[in-house]
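Okay, here's what each chain looks like letter by letter:
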Amino acid sequence: MTPFLIRLQAFFFAPRSATGFGLMRILWAAVAFAYLLMQWGDVTRFYSDKGLLPLSLAPVILRGDWRVSILDLTGNPHAVFALYIVLLILLLLALFGWKARWTVIASALLLFSFHERDPLMLAGGDTVLRALGFLLMISPGIEALSIDRIGAQWHHWKKDHTLLPPLEMPAWPYRLLLWEFVIIYGTSLWYKLLGAMWIKGTAVGVVLHHPMFASAPRWLMDLLSILSPGIGYAIILFHVSWLLLLIPRPILKNLGLPHGQLKRTILLFGLLFHGAILLLMHTGSFSLALFAGYAGLLDAEDIEVLRRGLAGRSKRMVAVLYDGHCGLCLRSIFTLSLLDTFRRLEPINFWNRIAKNKVAPRVSEEQLNRALHIKVRGRFFQGFDAFRELTWELPALWIAAPFLYIPGVAPIGRLIYKYIAQKRERCNHKSCGF
């Protein structure tokens, strides 16, 4: 194989982390589900014969070429609403990743059908959701961060108590997604520069006061309008910056703009830009749909930078001492390992005396056998109190942490933990009976 073909193959098929696309699947399904759920009371009015666009008018209103919709087969309101419920269920399954490949394909195709049935209801965010849905349908690696993947992780973890390495996929879906964003922002830049308002710096001020889009108080819009020229030129620069990502990485590096750092800077500005749009304007699902796509652009290096940023400078480790002979304990440690985003947990089977004595030489095995123990910042916690401390170390549990400090919760939590701990001997590696 010639050097050119080797480079070409690497360009399209070099392995990349699939974590970003797994996160994109979750966010895509969540955004689509949320905005479809908002249509609950209007589904039949939007998509059935009893609504705004009966099927008899479809040939007059809708385009005829390259258009397919399962809703063209029936305009019955009850059938349409039943398909709507099916779509919501499929999106939830795709979000959690149960049979991820098939639920993504089914939910995306059904979403396309609803969009094609009545495009008069659509906006820019819906177009982005369709583009992301199609890419997810054809991309390998969307099983990352899914229930399907957890099953594979558990089978592997039972063998040697380690997790599988992050799922990988070829590079071509990432490159297709990057091109989608370049096209979105490139065409947006083109149309902005065709007129005079963006060049003169008045466009942002006009949009902020548009009665159809403005959602913030008038005084705030007046205040922001003063900054209209600066904000407008920053937005144009943001659009231009996406074109820089098409420059080969070696050239960018020689220019002092490493691709990864440049991409993260652009994504950060995009979060601020579209976040402001989300807060100040009525634009439907557009900003959230773009955020879902941003997640797909995260590779292993980006995720590691994000992890370090969220974890802060603290390098503290948390020793988790558990009973390696208890099936329930093993399942608990496996779950904690999956949630250990900051990689701070150090699971230790206390029946391994050498490992146990390095961390807790003065704590007896009898004490450890009564309850889960952790050691963090030189202090020991056990039972419910250990779990409460762990919630601060696991981002997925941050939302629950404050509620565990409400007066009265701790005594109840300790009683529940004590009950479970007393019954855990009924558990083995295959089953748990209570």
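Fair warning: this is a prediction, and the values are worked out from it, not measured in the lab. (Residues numbered from 1 in each chain as written. Predicted model: local features only at pLDDT ≥ 70, side-chain atom pairs only at ≥ 80, totals over all residues. Heavy atoms only, no water.)

Examined bridge by bridge, strand β3 (residues 318-322) and strand β4 (residues 345-349) share five bridges and lie parallel to one another. By the bridge assignment for β4, Val318 is matched with Leu345. (Pairing = 2+ DSSP bridges. Helix = DSSP H or I, 4+ residues; strand = E, 2+ residues; numbered from the N terminus.)

The subject of this paragraph is the environment of Leu297. Inspection of the secondary structure puts Leu297 in the loop between α16 (286-296) and α17 (300-311). Separated by 14 residues in sequence, Leu297 and Ala311 have C-alpha atoms that sit 21 Å apart. Dropping the residues within four chain positions of it, Leu297 is found in contact with Tyr174, Leu177, Leu178, Phe181, Trp242, Lys263, Leu267 and Asp302. (Contact = heavy atoms within 4.5 Å.)

A few words now on helix α5 (residues 77-96). The terminal C-alpha atoms of α5 lie 29 Å apart, and with 20 residues this matches the ideal 28 Å at 1.5 Å per residue to within 8%. Buried within α5 we find Pro77, Val80, Tyr84, Leu87, Leu88, Leu90, Leu91, Ala94 and Leu95. Along the axis of α5, the buried positions cluster into a sector of 165°, meaning they face one direction only. Turned more than 90 degrees from where α5 packs its buried face, His78 and Phe96 sit exposed. Against α2 (19-37), α3 (43-47) and α6 (100-117) lie the buried residues of α5. Where α5 begins, the side chain of Asn76 points an oxygen toward the backbone nitrogen of His78, at a separation of 2.8 Å. Just past α5, the residue Gly97 takes up positive phi, approximately 85°. (Expected span 1.5 Å × (residues − 1). Buried < 20%, exposed > 50% of the residue type's maximum accessible area, 1.4 Å probe, protein only. Arc of directions from axis to C-beta. Polar contact = N/O pair within 3.5 Å; in protein donor to acceptor, adjacent residues only side chain to side chain.)

Ordered by their spatial adjacency, four strands build an open sheet running β4-β3-β5-β6, and the pairing between neighbours is mixed. Lying at the two open borders of the sheet, with one neighbouring strand each, are β4 and β6 (379-382). Each strand of the sheet is rotated relative to its neighbour by a mean of 25°, with strand direction disregarded. Those strands touched by helix α21 (residues 383-390) are β3, β4, β5 (373-376) and β6, and its axis lies near 115° from that of β6. (Axes fitted to C-alpha atoms, helices over the stretch in contact; angles between N-to-C directions.)

Moving on, we get to the pairing of β6. The pairing of β5 with β6 spans four bridges and is antiparallel. Among the inter-strand pairings, His373 is bridged to a residue of β6, identified as Gln382. If you look at the hairpin formed by β5 and β6, you'll find two residues sitting between the two strands, and Arg377 has a positive phi there, around 55°.

Before going further, it helps to spend a moment on the environment of Gln382. Counting through the fold element by element, Gln382 comes out in strand β6. Overall, Gln382 belongs to the partly exposed group, its relative accessible area being 44%.

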